[in-house]
Amino acid sequence: MKKRKIPMRKSVVSGEMFPKKELLRIARSKEGVVSIDPTGKAPGRGAYLALEPKEAQEAWDKKVFDRVLETKISDEFYQELLDYVTHQKARKELFANE
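Residues numbered from 1 in each chain as written. Predicted model: local features only at pLDDT ≥ 70, side-chain atom pairs only at ≥ 80, totals over all residues. Heavy atoms only, no water.

## What about the nonpolar core?
In step 1: Membership of the largest hydrophobic core comes to 20 residues, with the highest contact counts inside it found for Ile26, Phe65 and Leu81.
In step 2: For this core, the elements supplying multiple residues, two or more each, are strand E3 (23-28), strand E4 (34-37), strand E5 (45-50), helix H1 (53-62), helix H2 (64-68) and helix H3 (75-96).
In step 3: Ignoring anything within four residues of it in the chain, the contact list for Leu81 reads Leu24, Ile26, Ile36, Leu49 and Phe65. (Core = buried A, V, L, I, M, F, W, Y, C linked by side-chain atoms within 4.5 Å. Buried < 20%, exposed > 50% of the residue type's maximum accessible area, 1.4 Å probe, protein only. Helix = DSSP H or I, 4+ residues; strand = E, 2+ residues; numbered from the N terminus. Contact = heavy atoms within 4.5 Å.)

Right, here's the structure in full:
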């Protein structure tokens, strides 16, 4: 059986390459609305973040997505992102033991 190519993406915070499925996509629509894109298929400009709470916190501290997505992003969005990443990491660790 032929091996499938695993798509790789770069985390905008750490600059490391990861398989696309291990990253979280943040999308900016044409209207300028920024949202968390868990499916990775939302239309618009996307940027990737590793599912690590410290990376989400660093993105907030340095306002990384403001620069990468070329728009002003509220602190509420960064807080939502941090909560989401923390929840997903805990969920991943919980189900990895099964």
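Having seen the model, we can carry on.
## What to know about the layout of surface pockets
In step 1: One number sums up the size of the largest pocket: a volume of about 400 Å³.
In step 2: Together, 17 residues line the largest pocket, and Lys20, Lys21, Leu23, Pro38 and Thr39 are the ones closest to its centre.
In step 3: Those elements giving two or more residues to the lining of the largest pocket turn out to be E3 and H3.
In step 4: Here the lining of the largest pocket gets three residues from one element, more than from any other, and that element is E3.
In step 5: Taken together, the residues of the lining of the largest pocket sort by class into nine nonpolar, three polar and five charged. (1 Å grid on protein atoms, 1.4 Å probe; cavity = no way out; pocket = protein on both sides within 12 Å on 5 of 7 lines; lining within 4 Å. Points joined across faces, edges and corners; volume = space filled by probe spheres on them. Nonpolar A, V, L, I, M, F, W, Y, C, P; charged D, E, K, R; others polar.)

## Some details on the UniProt feature "domain: YlxR" (unreviewed entry) in the protein
In step 1: UniProt's feature table lists "domain: YlxR" (unreviewed entry) at residues 9-81, given in the numbering used throughout.
In step 2: Annotated as residues 9-81, this span is 30% helix and 29% strand, and its ends, taken at the C-alpha atoms, are 19 Å apart. (UniProt positions renumbered as here; feature names shortened; annotations may be inferred.)

## Section: a nonpolar patch on the surface
In step 1: Among the surface-exposed residues, Ile6, Met8 and Met17 lie close enough to one another that they form a single nonpolar patch of about 300 Å² accessible area.
In step 2: Mapped onto the elements of the fold, Met8 is located in strand E1 (residues 8-10). (Patch = residues over 30% accessible without salt bridge, like charges linked within 9 Å, V, L, I, M, F, W, Y side chains within 5 Å. Areas by Shrake-Rupley, 256 points an atom, 1.4 Å probe, with all protein chains shown as cover. Salt bridge = Lys/Arg side-chain N within 4 Å of Asp/Glu carboxyl O.)

## Observations concerning the side chain of Asp66
In step 1: With respect to the element layout, Asp66 can be found in helix H2.
In step 2: Once you skip the residues sitting within four places of it in the chain, Asp66 turns out to touch Thr71, Lys72, Ile73 and Tyr78.

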